[in-house]
There are 4 protein chains.
Amino acid sequence: MSAPVWSFLGPAGTFSEMALRAVAPAAVDVEPCPDVPTALDRVREREAASAVVPIENSVEGGVNATIDNLIASSPLVITAEVAIPITFVLAGRAGTRLEDVRAVSTHPHAWAQCRGWAHANLPDAVYVASTSTSAPAKALAEGSETGFQAVLCNPLAAQQYGLDVIAGGVADNPDAVTRFVVISRPGRVCEPTGADKTTLMVQLPHDRAGALLDMLEQFSARGVNLSRIESRPVGDSLGRYRFSIDIEGHIREERVQAAFIGLHRTCPMVRFLGSYPRLDGRPVVVSAGTSDKDFTVARAWVADVLAGRTL
Amino acid sequence: MSAPVWSFLGPAGTFSEMALRAVAPAAVDVEPCPDVPTALDRVREREAASAVVPIENSVEGGVNATIDNLIASSPLVITAEVAIPITFVLAGRAGTRLEDVRAVSTHPHAWAQCRGWAHANLPDAVYVASTSTSAPAKALAEGSETGFQAVLCNPLAAQQYGLDVIAGGVADNPDAVTRFVVISRPGRVCEPTGADKTTLMVQLPHDRAGALLDMLEQFSARGVNLSRIESRPVGDSLGRYRFSIDIEGHIREERVQAAFIGLHRTCPMVRFLGSYPRLDGRPVVVSAGTSDKDFTVARAWVADVLAGRTL
Amino acid sequence: MSAPVWSFLGPAGTFSEMALRAVAPAAVDVEPCPDVPTALDRVREREAASAVVPIENSVEGGVNATIDNLIASSPLVITAEVAIPITFVLAGRAGTRLEDVRAVSTHPHAWAQCRGWAHANLPDAVYVASTSTSAPAKALAEGSETGFQAVLCNPLAAQQYGLDVIAGGVADNPDAVTRFVVISRPGRVCEPTGADKTTLMVQLPHDRAGALLDMLEQFSARGVNLSRIESRPVGDSLGRYRFSIDIEGHIREERVQAAFIGLHRTCPMVRFLGSYPRLDGRPVVVSAGTSDKDFTVARAWVADVLAGRTL
Amino acid sequence: MSAPVWSFLGPAGTFSEMALRAVAPAAVDVEPCPDVPTALDRVREREAASAVVPIENSVEGGVNATIDNLIASSPLVITAEVAIPITFVLAGRAGTRLEDVRAVSTHPHAWAQCRGWAHANLPDAVYVASTSTSAPAKALAEGSETGFQAVLCNPLAAQQYGLDVIAGGVADNPDAVTRFVVISRPGRVCEPTGADKTTLMVQLPHDRAGALLDMLEQFSARGVNLSRIESRPVGDSLGRYRFSIDIEGHIREERVQAAFIGLHRTCPMVRFLGSYPRLDGRPVVVSAGTSDKDFTVARAWVADVLAGRTL
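Residues numbered from 1 in each chain as written. Chains lettered and ligands numbered in written order. Predicted model: local features only at pLDDT ≥ 70, side-chain atom pairs only at ≥ 80, totals over all residues.

The name recorded for chain A in an unreviewed UniProt entry is Prephenate dehydratase, from Actinomyces gaoshouyii. Under the Pathway (unreviewed entry) heading, UniProt states for chain A: "Amino-acid biosynthesis; L-phenylalanine biosynthesis; phenylpyruvate from prephenate: step 1/1." Entered under Catalytic activity (unreviewed entry) in the UniProt record, the comment concerning chain A runs "prephenate + H(+) = 3-phenylpyruvate + CO2 + H2O". (UniProt positions renumbered as here; feature names shortened; annotations may be inferred.)

Spelled out as structure tokens, the structure:
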């Protein structure tokens, strides 16, 4: 029997691989993919059991490629999450000095997170965009004609590609963190752990004011708290939105189901994208009147009322 | 087999009897009761199948004796409603003229509804309170020493007791109407007609601001409209309230059940007081996303999600 | 210069007089009135500076005669409040024994509060309604032919009319309390004390669902808490309501003004009925972001924005 | 006197330049900038009167570089908006055929919008990321060694750089549109036109559930509709958000000011980012009770109440 196959946002050495190593230290059969859609399609095509991709950065916000792709094709669900501190080094071929650097390459998100340092320390350097943080590191290591002398990448990539670290700690925000998720094909939903999170995508009705308020009340009316909300355009015209949302709790819990039922009734589209243990392990606080027992007792009471057994 | 026994707020000739005749024209076995609690206790004691009592007047508001008694003792439910126009005549013994009237008796609610007319037409007359609109009519008819020369009562009472009408149309508000309800012991709840009303009593949590708003949102979150709301003190101290509420819809409808479940979870007391056809027969408008089908489809979808069958 | 004249709900010896004595112990020029509208009209007619009338009982709820009259004619405002414990005695002419009592008279509200005791101790006695708790005491004391042998009244009335107490502590709820208010003609509104209450009446728009929820949000959006809410029919047909409301705070406070402005904009009728010190003297808790300073700073910021001075 | 200077997101031939030409057809003194922050800093440094930058794409969503920079440094405001249809062509040096294309370059947002076409028509082509849609067009035109044979750019860029169109209409969504804004230094806010939009950024309190709901109620309580909402991370840790919002209406209108005052009172940060005519010219619908007159009448009424002039 073969080991589970993992796909991830490659190439080797990306923060995504660091995330994969964090959730599956023993994984051997891993496949770097050129972009998020490809990594997820590997799971859809049953070529991989799970994919590890970024979903949210504390500085740059949601990762649109992941958020949008999760609902773009056949269903996938999130089964775990992990947060990776985002640290960057300026790396180059052996012997490269800071003053040799006239052009720097990296992913635009990484550039956005090191722009202040680069402005102060490499005021004249040109920025060359790349599709990942490690692709330019690989190019530099391979000795090809790159048009840049240094890359901003994570320490793992510099090490894997045998580059020298010219400068470390170059991120403008030393506390930056990216959250990665493990994504699989849906199956029977697991049992709650008591410290769970649920991800969903919901599209607002667009024909009336207050639709966002109404949608949020579907959660608040059941005591369900949101821990993340990202707006995404529906794509057909300006002014129409979907929301990618994380809530505290598990879809096997009554209050979460009640919220989902409310959304399904009132919104043109709602997609369940997984219930999974939250990375901080902190138990969800269930407010008064919203426990599973509160729901089952209330339903039994209504059944009694209908039967005339009691009031 | 005996005919069903009806109790009502007596004595004979009250608006309650008019209401009883409206809902059960053929009733023969009827029993006038001295007050609302007695009329309802006759039903609780199985001495009557149903009671007819007032619950709301368009001028004076809720009838507290009825509202409070419905939850004061063993459970009862409302099974029907009827509205009776409230018209008053000034009546006296044969030959009494307006200028002979130095004192007038009636129920305080009736007095409140004719005060303007009395002030204008009997400026010097004294008001003598009574426990019903027909008790003083009966007293006058019996020739006892009453201390008043005229009564404000409904035309039926004047006729039944053989009094002369001194002046008709004496109500300050000619459109006044009182709503009466038929009250029975609870049993299996009947099927909806599509034009139903549900009555309930709910007590607010008293330890937090916004409790009334939260309670009302249990209805609005499910598209359930209120047609009546009356505040009543809980009785143990100032500032603590119950609310007597009529909603549009039937407890066998999903959105109404969802609201009841929400109330049961979040309020210290909720009592179901009957689902019954509304007197105007107007079908309830079910807003988008709140039909029974919307609920069952949404619940089936959640079940599919849990089973991993589909998303 | 003459002493201020007080009107109150008479006759002498009522709980209203007890309330008047509590707020103005030195008052000498006092006038008992036969009913609440008369007591209030004395103020409107400038025959009295202030009236003392009941507004709310912890068992029976709002006093409709007071609540409705406050907005029925020319404007009046509440300037103070006081709570009086409601205690009843069964009193009669000298020598009357419990077994002699075949009929008892009192005000219907008083009867409602002693019904349990009467049922247990005077099961066969007839109830004779009266317009106040002390009117029948006066009648009994005057030796007229009353048709009843005992009255339920407060201890003060029994003493004032020289009646014997047949039984004391006859109220079913020994903690019952009635809140009385001092009512005057409006003038420039006084400064807040920091522990104030404001009374108002507001009529709901009747042409849309959720009107009550919307009205309550005018308060909650500004952090204003309600301490009392009573529904009253508008009077023209069933299903249309006004609400008599007490809120925590003073109309000279910004958050209260903002709520009033919101009500004025969105409701067909709103009446200010007085800001006055609350009887418990407890300072109002002002939630974050709703202090006067928060409002003035925010307004100044908007002015700066408009002028382009800063953002 | 010199002509106003415009900065825009360059290089020449971008959609930003198309937007600039749409709002200022006669502009001659224009300066392409390498990125959005630079374009906006030109305005801050008084080197340009206004900048034209993208803010929202109907497919890809908000333009983070613009949204985040608007509040990152000294204040700027939006003074106008324009929408530009996003059309792409595949262009190359003269004589390039589809089968010659082994690598394609463009901005990642453009790539995202043509990915479907590329996948179908250039299944084996490699994607080379670039910082704009016209930079690679320029590089190709200049004949440098680019590593790609074709670019995805707008028709204007192909024309300006003298490239051949290999294929037109290659966008997956032919209705895609990007909204651009004109940004200037703040000054006295202009008068409303009646068909205006206001942009703001507001940060949520992060220490309580329901903060987003509360924030949205500041708008709904005054009848102010949202036409756009984008979440952005505050940047210091996961789970803390700011929202970039467009509302219907002008800050010189009372209801908008009331909403701003409410936000200023209850949120840790709110920034006004401009009131300006909306591009569709459609007059804003002012709901009942929220017109300027409603506010001024209500305020005058409260002033009367305080002075005791009337109720």
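Turning our attention to the overall build of chain A. Looking only at helices and strands, chain A has 9 helices and 15 strands in total. In terms of principal-axis extent, the alpha carbons of chain A reach across some 85 × 50 × 35 Å. Within chain A, the fraction of its 311 residues that count as buried is 52%. Look at the contacts in chain A between residues 6 or more apart in sequence, and 74% of them connect residues 24 or more apart. (Helix = DSSP H or I, 4+ residues; strand = E, 2+ residues; numbered from the N terminus. Buried ≥ 20, exposed ≤ 12 C-beta atoms within 10 Å, placed from the backbone. Contact = placed C-beta atoms within 7 Å.)

Next up on the list: the interface of chain A and chain D. On the chain D side, the residues contacting the 36 residues of chain A number 35 residues. Its residues placed into classes, the side of chain A that touches chain D shows 13 nonpolar, 14 polar and 9 charged. (Nonpolar A, V, L, I, M, F, W, Y, C, P; charged D, E, K, R; others polar.)

All names here are of chain A. Neither face of strand 9 (residues 150-153) is open: one carries Ala-150 and Leu-152, the other Val-151 and Cys-153, and all of them are buried. Relative to strand 9, strand 6 (residues 89-92) is paired through 4 bridges, and the arrangement is antiparallel. The residue bridging Leu-90 from the neighbouring strand is Leu-152, located in strand 9. In this structure, strand 7 (residues 103-106) lies alongside strand 9, joined through 2 bridges in parallel fashion. (Pairing = 2+ DSSP bridges.)

The subject of this paragraph is the UniProt feature "site: Essential for prephenate dehydratase activity" (unreviewed entry) in chain A. All names here are of chain A. Mapped onto this structure's residue numbering, the UniProt feature "site: Essential for prephenate dehydratase activity" (unreviewed entry) falls at Thr-178. Relative to the helices and strands, Thr-178 is located in strand 11 (residues 177-184). C-beta crowding within 10 Å serves as the criterion here: with 24 such atoms nearby, Thr-178 is assigned to the buried category. Excluding anything up to four places from it in sequence, Thr-178 contacts Phe-15, Pro-54, Glu-56, Asn-57, Ile-84 and Ile-86.

This next bit is on the sheet that holds strand 13 (residues 226-233) of chain C. Residue and element names in this part refer to chain C. Spatially, the 4 strands line up as an open sheet ordered 13-14-12-15, and their pairing is antiparallel. One side of each edge strand has no neighbouring strand; the edge strands of this open sheet are strand 13 and strand 15 (269-277). Across this sheet, the average inter-strand angle for adjacent strands is 15°, counted without regard to direction. Bridge count between strand 12 (residues 196-203) and strand 14 (residues 241-248): 7 bridges; the pairing is antiparallel. (Axes fitted to C-alpha atoms, helices over the stretch in contact; angles between N-to-C directions.)

This part covers the relation of the copies chain A and chain D. In the superposition of chain A on chain D (RMSD 0.1 Å, axial shift 0.0 Å), the rotation amounts to 180°. Look at the turn and shift together and you get a two-fold axis relating the two. (Least-squares fit on C-alpha atoms with pLDDT ≥ 70 in both.)

What follows concerns the sheet that holds strand 12 (residues 196-203) of chain A. All names here are of chain A. An order of 13-14-12-15 is seen for the 4 strands of this open sheet, with the pairing classed as antiparallel. Looking at strand neighbours, the two that pair on one side only are strand 13 (226-233) and strand 15 (269-277), the edges of this open sheet. Strand-to-strand, the axes of this sheet are offset by a mean angle of 15°, without reference to chain direction.

Each copy of the sequence occupies a distinct position, and chain B is placed on chain C by a rotation of 180° and an axial shift of 0.0 Å, giving an RMSD of 0.1 Å. When you check the interface residues of chain B against chain C, 100% turn up at the interface there too, and the contact is symmetric in its surfaces.

Here we take up the nonpolar core. Within the largest apolar cluster, 173 residues are counted, with the highest numbers of intra-cluster contacts made by Val-53, Ala-91 and Leu-152 of chain B together with Val-53, Ala-91 and Leu-152 of chain C. Dropping the residues within four chain positions of it, Val-53 of chain B is found in contact with Phe-8, Leu-9, Ser-16, Val-36, Ala-39, Leu-40, Thr-66, Phe-180, Val-181 and Ile-183 of chain B. Ranked by size, the runner-up nonpolar core spans 170 residues in total, among them Val-151 of chain A, Ala-298 of chain C together with Ile-67 and Ala-259 of chain D. (Core = buried A, V, L, I, M, F, W, Y, C linked by C-beta atoms within 7 Å.)

With that settled, consider unusual backbone geometry. Cis geometry is adopted by the peptide bond preceding Pro-11 of chain A, which originates at Gly-10 of chain A and carries an omega value of 0°. Looking at the element boundaries, Pro-11 of chain A is found in the loop between strand 1 (6-9) and helix 1 (15-23). Phi angles above zero are rare outside glycine, and Arg-46 of chain D is one such case at about 60°. Considering the arrangement of structural elements, one finds Arg-46 of chain D in the loop between helix 2 (36-44) and strand 3 (50-57).

For the rest of this paragraph, the subject is the packing of helix 7 (residues 211-220) of chain A against helix 8 (residues 254-266) of chain A. Residues and elements named next belong to chain A. One way to put it is that helix 7 packs onto helix 8 with a least axis distance of 8 Å and a crossing angle of 155°. Here helix 7 is positioned roughly antiparallel relative to helix 8, judged by the angle of their axes. Judged by the sense of rotation from one axis to the other, the crossing of helix 7 with helix 8 is right-handed. Contacts between helix 7 and helix 8 involve Asp-214, Met-215, Gln-218 and Phe-219 from the former and Ala-259, Gly-262, Leu-263 and Thr-266 from the latter. (Parallel < 35°, antiparallel > 145°, perpendicular 65-115°, else oblique. Left-handed = near helix turned anticlockwise from the far one by under 90°.)

It is worth spelling out helix 4 (residues 108-121) of chain A at this point. All names here are of chain A. Here helix 4 contains 14 residues, and its C-alpha end-to-end distance of 18 Å stays within 8% of the 20 Å for a straight helix at 1.5 Å per residue. In the structure, helix 4 departs most strongly from a straight axis at Cys-114, where the bend amounts to approximately 60°. Contacts from the buried residues of helix 4 go to strand 7, strand 8 (126-129) and strand 9. (Expected span 1.5 Å × (residues − 1). Bend = angle between axes of the 7 residues up to and from the residue.)

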